[in-house]
Amino acid sequence: MSADKAPTARRKRERRVVQNGEFDAFARRIVRAYARRVASGDIEALVALRQLASTVDAATADAVQGLRKFGYSWADIASRLRIPEGTVKSRLHYGLRTLKLILQVKGVTRP
């Protein structure tokens, strides 16, 4: 070990930045694959597809909350989503409620 590094010092791991376009394309492929699976007769996959949709709703709610913490207004967020401001607030509310229910079902939180 070199003298200039303390034995207890830890380096922060660098995160690989994923391009939004690449990530978006990957996520869309997954959703389309689920849809094809259901359309080909796998009715059990319909449940998984609905759970995926609920997860996306909850993730969107988390993302909106994060944007609000960074100082973005409801109007800023609504304009990016091309929906009315009230709809953003409503979707946030329902997304958070869905996330809470998912966590309760998984036993992470209490009812």
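Predicted, not measured: the structure shown is a model, and the values here were computed from it.

Describing the overall build of the protein chain
Scanning the protein chain from terminus to terminus reveals four helices and zero strands. Beginning at the N terminus, the succession of helices and strands in the protein chain can be written as α-α-α-α. Across the 111 residues of the protein chain, 11% fall into the buried class. Considering only residue pairs separated by 6 or more positions, the protein chain has 28% of its internal contacts joining residues 24 or more positions apart. Accessible surface computed for the protein chain: about 9700 Å², of which carbon and sulfur atoms make up 56%.

Considering the pattern of salt bridges
The tally for this structure, following the rule as stated, stands at two salt bridges. Residues glutamate 85 and lysine 89 are paired through a salt bridge, measuring 3.9 Å at the closest nitrogen-oxygen approach. Of this pair, glutamate 85 and lysine 89 both sit in helix α4 (residues 85–105), four residues apart, which is roughly one turn of the helix. You can call glutamate 85 partly exposed: its relative accessible area is 36%.

Considering the packing of helix α3 (residues 74–81) against α4
Packing of α3 against α4 brings their axes to within 8 Å, and their N-to-C directions diverge by 95 degrees. As judged from the angle between their axes, α3 and α4 are roughly perpendicular. Side by side, α3 and α4 meet where Trp74, Ala75, Ile77, Ala78 and Leu81 of the first sit next to Glu85, Val88, Lys89 and Leu92 of the second.

Overview of the confidence of the model for the protein chain
Mean pLDDT over the protein chain: 79, with 82% of residues reaching 70 or higher. α4 is the least confidently modelled element of the protein chain, averaging 82 in pLDDT, while α3 averages 89, the highest of any element.

Side note on the environment of valine 88
Mapped onto the elements of the fold, valine 88 is located in helix α4. Note: C-alpha distance between valine 88 and tryptophan 74 (14 residues apart in sequence) is 7.3 Å. Residue contacts for valine 88: discarding those within four places in its chain leaves Val64, Trp74, Ile77, Ala78, Leu81 and Ile83.

Looking at the packing of helix α1 (residues 20–39) against helix α2 (residues 44–69)
Two elements in contact, α1 and α2, have axes whose closest approach is 9 Å; the angle formed by their N-to-C orientations is 155 degrees. Relative to α2, the element α1 lies roughly antiparallel. Relative to α2, the crossing made by α1 is left-handed. Judged by residue contacts, Ile30, Val31, Tyr34, Ala35, Arg37 and Val38 of α1 engage Ala45, Leu46, Ala48, Leu49 and Leu52 from α2. Counted by class, the contact of α1 with α2 contains ten nonpolar, no polar and one charged residues.

Rules behind the numbers
- Residues numbered from 1 in each chain as written.
- Predicted model: local features only at pLDDT ≥ 70, side-chain atom pairs only at ≥ 80, totals over all residues.
- Heavy atoms only, no water.
- Helix = DSSP H or I, 4+ residues; strand = E, 2+ residues; numbered from the N terminus.
- Buried < 20%, exposed > 50% of the residue type's maximum accessible area, 1.4 Å probe, protein only.
- Contact = heavy atoms within 4.5 Å.
- Areas by Shrake-Rupley, 256 points an atom, 1.4 Å probe, with all protein chains shown as cover.
- Salt bridge = Lys/Arg side-chain N within 4 Å of Asp/Glu carboxyl O.
- Axes fitted to C-alpha atoms, helices over the stretch in contact; angles between N-to-C directions.
- Parallel < 35°, antiparallel > 145°, perpendicular 65-115°, else oblique.
- pLDDT = per-residue confidence, 0-100.
- Left-handed = near helix turned anticlockwise from the far one by under 90°.
- Nonpolar A, V, L, I, M, F, W, Y, C, P; charged D, E, K, R; others polar.

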